[in-house]
Amino acid sequence: MKSLWFFDDVNLFKVLCPHKFKAYKVDHDFDAYKKKDYIYFEEDSANKVYLIEKGKVKIGYYSEEGDEVVKAILTRGELFGETAILGESKREEFAQSIDNATSICPISVNTMHDLMRNNQTFSFKIYKVIGFKLKKLERRLQLLLFKDAKTRLVEFLDELCDDYGYDCPKTGDHVIKHPYTQKDIASLIGTSRPTLNILLNELKEEKVIEFSRKEIRIHKKIA
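Residues numbered from 1 in each chain as written. Predicted model: local features only at pLDDT ≥ 70, side-chain atom pairs only at ≥ 80, totals over all residues. Heavy atoms only, no water.

Under an unreviewed UniProt entry, the chain has the name Crp/Fnr family transcriptional regulator and belongs to Jejuia spongiicola.

What follows is the structure in structure tokens.
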């Protein structure tokens, strides 16, 4: 299984969490959130970076029309709020728990800067994560603006394949074992859950995919 947040087989959670550093461990706790709890809101002060120990977090914002736009849904080991490292003073998005047992490791920006100054390799990995994440976000926003719902779904499946997929040795199919619900996927591609269900069944009828709750099997290359 591949993931955007693993570089050189190093899990950023294991590298970053202050529990791993004696100097920070004493004053450090994990924060617990229930489903629909907010970690932060738009316009909140941006003075921390967050790592997910367990659970799921939705990152998004509200358009001028009041519509919710979901930028990302993140799971264990993933980093968010990282634009604070680059000097962002106020949040331009919200972060909300969408799991009943989300546990977050908060890291102050000052602590992050200390760790980055003291470890060049660590610093490089963080900037690489931020750059990669920004490119991924830009691509998703372009899809939302310029592509129809079915194209958005197909390209999202390609993205899932890169992040969570592997080739089945027996059939050659691409198998994706992912952490998302259908509601999550619908939010990420900017459509309704009923529409997503119709599109998934269309692809199934076309013998392109098979799907269950946490697995999608791609039978042939979608273009």
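S.K.: Just checking my understanding: could you explain the sheet that holds strand β7 (residues 68-74) for this structure?
M.R.: Strand pairing in a sheet relies on backbone hydrogen bonds. The paired strands run either parallel or antiparallel. Read across the open sheet, the 4 strands follow the order β4-β9-β6-β7; overall the sheet is antiparallel. Each end of this open sheet is capped by a strand with a single partner; those strands are β4 (38-40) and β7. Across the sheet, the mean angle separating the axes of adjacent strands is 30° when strand polarity is ignored. With 6 bridges connecting them, strand β6 (residues 57-62) and β7 associate as antiparallel partners. By the bridge assignment for β7, tyrosine 62 is matched with glutamate 68. Strands β6 and β7 of the sheet are contacted by helix α4 (residues 120-146), whose axis makes an angle of about 140° with β7. (Pairing = 2+ DSSP bridges. Helix = DSSP H or I, 4+ residues; strand = E, 2+ residues; numbered from the N terminus. Axes fitted to C-alpha atoms, helices over the stretch in contact; angles between N-to-C directions. Contact = heavy atoms within 4.5 Å.)

S.K.: Where do I start with the pattern of salt bridges in this structure?
M.R.: Side chains carrying opposite charge are able to pair once their charged atoms draw close together. A complete count under the given rule lists 15 salt bridges for this structure. Two residues, glutamate 155 and arginine 139, come together in a salt bridge whose shortest N-O distance is 3.5 Å. Here arginine 139 lies in helix α4 and glutamate 155 lies in helix α5 (residues 149-164), a separation of 16 residues in the sequence. Taking relative accessible area as the criterion, arginine 139 reaches 33% and is therefore assigned partly exposed. As a salt-bridge pair, arginine 217 and aspartate 173 come within 3.5 Å of each other at their nearest N and O atoms. With a gap of 44 residues between them, arginine 217 in strand β14 (residues 215-218) and aspartate 173 in the loop between β11 (165-167) and β12 (174-177) connect regions that are remote in the sequence. Each of the salt bridges in this network shares a partner with another, and the network as a whole consists of Lys136, Arg139, Glu155, Glu159 and Asp163. (Salt bridge = Lys/Arg side-chain N within 4 Å of Asp/Glu carboxyl O. Buried < 20%, exposed > 50% of the residue type's maximum accessible area, 1.4 Å probe, protein only.)

S.K.: Looking at this model, I keep getting lost on a positive patch on the surface. Mind explaining?
M.R.: Residues Lys35, Lys36, Lys183 and Arg193 make up a contiguous surface patch of positive charge. Relative to the helices and strands, lysine 35 resides in the loop between β3 (31-33) and β4. (Patch = residues over 30% accessible without salt bridge, like charges linked within 9 Å, V, L, I, M, F, W, Y side chains within 5 Å. Areas by Shrake-Rupley, 256 points an atom, 1.4 Å probe, with all protein chains shown as cover. Lys, Arg positive; Asp, Glu negative; His and termini not counted. Charge placed at Lys NZ, Arg CZ, Asp CG, Glu CD.)

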